[in-house]
Amino acid sequence: MSAAVIRALSLLTKPLREASLSPAQTTHHEALLCALQKNQAELREHLLAGGELDEVQQLLEKTRSEVLWFCSDTEDITWSFVQECLLLLVCLSRHLTILLEAFNNNPSCGASNIRTPEAAPPLPPDVFSVAQQKTLSTVLQFLVTLGICPYLAPGVGVGLAQRSTFGVAVEASVRREVAPPCDRRLLITTTVLMEVSTLSSLATLLFTRHLGDLMAALCQLGYRPHRPEGDSTESSKGLTVEERRNCKQTFQGLLGRVYQPIVIRELLVLQGGPKVAPGSGGKGGKTLNVAPPWLRRLCGQLLSERLMQPHGVQAVVRAILEGAGGGDSDWRKCDAVAKILTTCPQQSLSAESYYSQVCPQVLELLHFKDKVTAQQFQRVAVTVALTMVQDQPEFAQRFLLSPLFLPLQHCAALTEMGPAVEDVSQDAVPEWELTRCVEDVYKIFVVGNRPSVSLLRALGDVVPTIFSLFCFTKKNASHLRSPCQEILLWYLSHAEPSSGLSLLKDLCVLQADWSGVTPGFQFSPGSEGGARLTKQEQVSDEDDALYEKVSGEQWRVECVVQLLTEMKDSDLPGDFFLLLLQDLTGLAAEQQEAEEEVDTAAMTLLELEQHLMGSVRIQGQRLALLQTLAVMCEGLPHTVLLRKPSQVVGFIVSMLQRACVGEKQGLQNIVESQTVSMGMGLIATLLSGAQLTADDYTSMSSLLAPLEQVSQQHSDPVIQELASDLRATIATHGAYHPDSVINAADHCRTGASTQPKSQNPPSTNTSSVRTQSTNVNLSKASRSSLRHSSSSSSSSPLTSSASTASGPSTQKTDDQNLFADAEVKKDIQGSLPRPQYRDEERSRHIPSSINTLFSSNPAPTSKKTLSDWLLDACDPDVPTRALSLRTLTHALKQGDKEALESRDKLLMLFLENLEHEDSFVYLSAIQGLVVLCDWFPEQILQRLLTEYQTEQGSASSSSRRRSLQTCLKVGEALMRASRAMGDLAPHYGRPLIGVFLTGTRDEDSTMRASCLSNLGELCQRLQFSLGPLAQELSTCLTALIKTEKEAEVRRAAVNVITLLLRGLSDKTTQVLGDVLLELYRALKWVVRSDSDQVAVLHAQLALEELDDVMRRFIFPQQKLEKKIVVLP
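Residues numbered from 1 in each chain as written. Predicted model: local features only at pLDDT ≥ 70, side-chain atom pairs only at ≥ 80, totals over all residues. Heavy atoms only, no water.

1. Some points on the overall build of the protein chain
Logical step 1: Of the regular secondary structure elements, the protein chain holds 52 helices and 3 strands.
Logical step 2: Within the protein chain, the proportion of its 1128 residues that are buried is 47%.
Logical step 3: Surface summary for the protein chain: the accessible area is close to 57,800 Å², and the carbon and sulfur share equals 52%. (Helix = DSSP H or I, 4+ residues; strand = E, 2+ residues; numbered from the N terminus. Buried < 20%, exposed > 50% of the residue type's maximum accessible area, 1.4 Å probe, protein only. Areas by Shrake-Rupley, 256 points an atom, 1.4 Å probe, with all protein chains shown as cover.)

2. Things to note about the nonpolar core
Logical step 1: One finds F405 and L459 to be the most contacted residues of the largest nonpolar core, which totals 221 residues.
Logical step 2: Looking at this core, the element that brings in the most residues is helix α4 (residues 77–105), giving 14 residues.
Logical step 3: Ignoring any residue separated from it by four or fewer positions in sequence, one finds F405 in contact with C437, V441, F445, A458, L459 and V462.
Logical step 4: Listed in part, the 73 residues of the second largest apolar core include L900, F936, L945 and V1056. (Core = buried A, V, L, I, M, F, W, Y, C linked by side-chain atoms within 4.5 Å. Contact = heavy atoms within 4.5 Å.)

3. Description of the sheet that holds strand β2 (residues 521–525)
Logical step 1: On the basis of which strands lie adjacent, the open sheet formed by 3 strands has the order β1-β3-β2 and antiparallel pairing. Strands at the two margins of the open sheet, each flanked by one partner only, are β1 (427–429) and β2. For this sheet, the mean inter-axis angle between neighbouring strands, taken without regard to orientation, is 50°.
Logical step 2: Note that β2 and strand β3 (residues 531–535) share 5 bridges and pair antiparallel. Note on β3: the bridge partner recorded for F521 is K535.
Logical step 3: Those strands touched by helix α20 (residues 431–447) are β1, β2 and β3, and its axis lies near 135° from that of β3.
Logical step 4: On top of the sheet, helix α22 (residues 463–475) reaches β2 and β3; it is set at about 45° to β2, its chief contact. (Pairing = 2+ DSSP bridges. Axes fitted to C-alpha atoms, helices over the stretch in contact; angles between N-to-C directions.)

4. With respect to the environment of Q249
Logical step 1: Checked against the element boundaries, Q249 lands in helix α10 (residues 241–257).
Logical step 2: Owing to a relative accessible area of 52%, Q249 belongs among the exposed residues under this scheme.
Logical step 3: As for Q249 and L218, which are separated by 31 residues in sequence, their C-alpha atoms are 9.5 Å apart.

5. Points about a negative patch on the surface
Logical step 1: On the surface, a cluster of negative charge is made up of D541, E542, D543, D544 and E548.
Logical step 2: For E548, the position within the fold is in helix α25 (residues 542–566). (Patch = residues over 30% accessible without salt bridge, like charges linked within 9 Å, V, L, I, M, F, W, Y side chains within 5 Å. Salt bridge = Lys/Arg side-chain N within 4 Å of Asp/Glu carboxyl O. Lys, Arg positive; Asp, Glu negative; His and termini not counted. Charge placed at Lys NZ, Arg CZ, Asp CG, Glu CD.)

6. Some points on the environment of L408
Logical step 1: Along the polypeptide, L408 turns up in helix α18 (residues 406–412).
Logical step 2: Among the residues examined, L408 registers a relative accessible area of 1% and is labelled buried.
Logical step 3: In this structure the C-alpha to C-alpha distance between L408 and D461, which are 53 residues apart in sequence, comes to 9.6 Å.
Logical step 4: Setting aside residues up to four positions removed in sequence, L408 forms contacts with L434, C437, V462, T465 and I466.

7. Description of the pattern of salt bridges
Logical step 1: For the structure on display, the rule yields 19 salt bridges.
Logical step 2: Salt-bridge contacts for R175 lead to E177; the nearest nitrogen and oxygen are separated by 3.3 Å.
Logical step 3: By relative accessible area, R175 is classed as partly exposed at 34%.
Logical step 4: A salt bridge links R184 to E243, with the nearest nitrogen and oxygen atoms 2.8 Å apart. Of this pair, R184 sits in helix α8 (residues 182–196) while E243 sits in helix α10, and the two are 59 residues apart along the sequence.
Logical step 5: Salt bridges linked by common partners bring E66, R94 and E195 together as one network.

8. Focus on the side chain of Q40
Logical step 1: Locating Q40 in the fold gives a position in helix α2 (residues 28–49).
Logical step 2: The exposure class assigned to Q40 is buried, which follows from its relative accessible area of 6%.
Logical step 3: What Q40 contacts, discounting residues up to four positions off in sequence, is L12, I77, S80, F81 and E84.

9. Some details on the packing of helix α5 (residues 130–147) against helix α9 (residues 200–223)
Packed helices, taken two at a time, are described by the angle between their axes plus the distance between the axes.
Logical step 1: Relative orientation of the contacting elements α5 and α9 amounts to 30°, with a least axis distance of 10 Å. When the axes of α5 and α9 are compared, the crossing they make is right-handed. Packed against α5, whose contacting residues are Q133, L136, S137, L140, Q141 and V144, the element α9 presents L202, L205, L206, R209, H210 and D213 at the interface.
Logical step 2: In terms of residue class, the contact of α5 with α9 is built from 6 nonpolar, 4 polar and 2 charged. (Left-handed = near helix turned anticlockwise from the far one by under 90°. Nonpolar A, V, L, I, M, F, W, Y, C, P; charged D, E, K, R; others polar.)

10. Let's talk about the side chain of T190
Logical step 1: Relative to the assigned elements, T190 resides in helix α8.
Logical step 2: Residue T190 is classed as buried on the basis of its relative accessible area of 2%.
Logical step 3: Of the polar contacts made by the side chain of T190, one reaches the backbone oxygen of L186; its length is 2.7 Å.
Logical step 4: The contact partners of T190, leaving out residues within four places of it in the chain, are I148, L214, A217, L218 and L221. (Polar contact = N/O pair within 3.5 Å; in protein donor to acceptor, adjacent residues only side chain to side chain.)

11. A word on the packing of aromatic side chains
Logical step 1: Scanning the model with the defined rule gives 11 aromatic pairs in all.
Logical step 2: For the ring pair F368 and F377, a centre distance of 4.7 Å and an interplane angle of 85° mean the geometry is edge-to-face.
Logical step 3: Of the residues examined, F368 reaches a relative accessible area of 22% and is grouped as partly exposed.
Logical step 4: Judged by centre distance (6.1 Å) and plane angle (20°), the ring pair of F577 and F651 falls under stacked. (Phe/Tyr/Trp six-rings, centres within 6.5 Å; stacked < 30°, edge-to-face > 60°.)

12. Concerning the state of the cysteines
Logical step 1: Here the structure, examined in full by the defined rule, presents 0 disulfides.
Logical step 2: Free of any disulfide, C437 has its nearest cysteine sulfur in C411, 8.1 Å distant.
Logical step 3: A residue is classified by how much of its surface remains accessible, and C437, at 3% relative accessible area, is buried.
Logical step 4: In this structure C508 is a free cysteine whose sulfur lies 9.5 Å from that of C471, the closest cysteine sulfur available.
Logical step 5: On the basis of relative accessibility, which here comes to 4%, the residue C508 falls in the buried class. (Disulfide = S-S within 2.5 Å.)

13. Observations regarding helix α48 (residues 1030–1043)
Logical step 1: Helix length check: α48 (14 residues) gives 20 Å between terminal C-alpha atoms against 20 Å at 1.5 Å per residue, within 8%.
Logical step 2: Where α48 is concerned, the buried positions are A1030, L1033, S1034, C1036, L1037, T1038, L1040 and I1041. (Expected span 1.5 Å × (residues − 1).)

14. A few points about the pairing of β3
Logical step 1: Among the 5 residues of β3, 4 are classified as buried, and the element is accordingly described as predominantly covered.
Logical step 2: Here 2 bridges tie β1 to β3, and the two strands are oriented antiparallel to one another. Across the sheet, residue D427 finds its bridge partner in β3, namely T534.

15. With respect to unusual backbone geometry
Logical step 1: Phi is positive for H311, which is not a glycine, with a value near 60°.
Logical step 2: One can find H311 in the loop between α12 (293–308) and α13 (312–321).
Logical step 3: Unlike most non-glycine residues, N449 shows phi in positive territory, near 50°.
Logical step 4: Along the chain, the position of N449 falls in the loop between α20 and α21 (453–460).

Worth remembering: the numbers are spatial, not functional.
What follows is the structure, given as structure tokens:
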């Protein structure tokens, strides 16, 4: 039956061939009317003929008698055609409804065959084939085109003329003046289509293509005023109040029934385009018609209702952005959506209620997982949030930012904002909440990157908590580390300088003892790589609690320094450094005033306790300041700390102020004197720069007050006069520039004078004597500063131009001596040529920022001979000695003839420096020994072996600890030398195996592990020469693996087997064929029985290497080769 009805519909809508048209029918609407008439006539013939359409004829007559809207005497051909189509659709719908009820009551009745597990389930009766769906789609298109669109008022929906040229012919074919009236026709078509849409299969075909036309028809029928502008009263004469009410209800039901983004999109189309002024056209694109005022108001109200529904924001965003391909248009759409969402509609009860409903939905847009959808939604959400903060800061703070920061606020004030501490379960703040919060903050603040006062103020309240989370992530592997760091850097970069400096002091616990986390709680690792807030275990021991507090504060300072390291293009690190120096000076002055003013004898016990607590607090702040300054000097290069001339000036001001405080307190020590001297030298260097501008002198005007104080209070008259000269030079903007300033700048730039003493003529000039004294003081300060910078900053380069040669040492230090044997030192110094003079001072680097900004003349370099470098290697100063050792090593690498001839002296020098405790020195010595071995392998290796065995034999001596360290360093040199030998290792490495095997019986576990490590490095390079020693080596390794008690030694033994198999590779079966089974059993024993997991891991790696070797041996790679043999 269903197929017969669809067959009748296909006859009614089939296209008419061109040959069947008469020549007189030339216009499109005449051809259309002819086709419609002929199709109706053909359908009547088939219905009267009976056959397969007999049942359709009966059902059609029955339906025609039941409906009230059928008009049999209409003169409009198009409406007659529409009525026939509507009757057939009603017949089909009612018949399918009866079949569906029977199918739902007994689903198995439709199955023709016996059901089996493999058989497909029976199809419901309303499932159409592809051809049937095509026929029904054509029928629906005819109904909408001929029954709805011609009767829509101007501006309601999209007109037929705008859709295609065929629409003009349709409008010309419709006769509106004949019965029934236009609105009645529109009502009949819309009612019948909504009736058949109760069937899901027909509803899908109808709503996917014609939803907008149906909505336009229902809007006109239900909401159009009785007397619209520019229209006659006859247009709505045929509709009753009940019919209009039914249309409204049907329309509301349709809006709630369809997917909301599609509804919103169609409402936007119905709302029409903007009003265009006469004579102004579009820019080439198609624009929508201007909708009537009543329709614009209706669509606006409906859109507002859709927006304020649950998930309404998501529906609006999907309606506008779905299908967007990105690019500039996508950005414009996102901005348009953001503008819509941030504007409170007129239909809303109040702005507060609107934003309270919309803001939570905006935050939900940030949590989509699909990448494409998430990218668009996040862009809209970020734009909406930033626009709302800018336009509506009060509502944004209440309904957007406060919920956004809620997990972080719970971490900071758990007892106030959350449940009581006693009721908190294992996780006070779950991992997913904290992760989502940090990611949302990162998206809005960092990705959005639109700083404002409201945003910075809101973020500043939770920055301490984010920093505590960042400190936690730096100790653990967490994916929250990067977003936390980016958030903190964004805030520090955009906040006001005063706010940023105050925040940094809070983070370093210099102002308030608060970590941003509720006391008694701490961050713990989450199961998904995040973090969660949990209760902290109570520490009963006060010492342990104090240690945790101190270590935690130190780690916070280090994390602050790591953040400042990332801010290379910002002035904040330098300003913070200068602020700490000023605070340090202020604390020293406060401490002096407190000691002078307070009389503890007249205090009560309570007052005395309060005074002591205040003193302890001040001392704690001073220690925290010193710790922060020390970490900053160690972790930040000078290019970050002092990147501008004004910051250099500020540094000098703080230095001089602190020195003046020390002078006032009577602390006249050498450190304070050197500090003042260095400050004077830096000021002189600044003033000697080429072409200083007025701005430079203005920035240096802050030096006038401390220089005046130094010139009046300092105990050294030379410093007083130099400070007075510097102050006069700054005050006159360089007009007065005495020679003392120039000489001080030269000595600070180049170091000590290089003129011999014997060539300095005696002079009684007071000015020259004063200048010489000043130079000596400056050079002493430079030497002290160089030592401090060498020990605290690893970024300061040590170059040959930075150090000068020193003669025979006359100023020996008591704390450390390079050579333990005085005779050896005497022998080396006696064999070197004596220089004609001795320098009094060492050289000093001026910071590169000062040189590049204020000086165009680089410091002169000095040429040194081999004798000078050998003498510098005896210097107690660590940087000088290490530089000399590396310079001598470089000379050996380059094949310097003089250095190669002095190999014995160099060997003695390198061996003695192995005993130095500084790694920079003894590693340089090891590198030198390796280069010597490369040039003289037999001689140097023999000497190193002798030293190694000598140190091993001193087990019973009192210097066992020192001998052990030296032995390990010699072993490192032997291992590196064997690695550098390459193909010569089998020739020169045989003696080393015996020494290392002997070392495996040493009583110290570290020594045994070191020997095994060296043995592994050597064995993987011996190749076939290892064959005679294979049995001995296997026995040693097997015994150590099974009997050794120390885990690190067992690990080293297993690692030797791994390196051995890796080095021999395909030669393993040939070299280790006799002991391979024994080694395999030892490795299996480790895997099964060893309690150390690291040793088990090493054994598994060795077994994998052995497995690869045996697979290649048993299953060799097949090579497709063709051998060509030349016959004789």
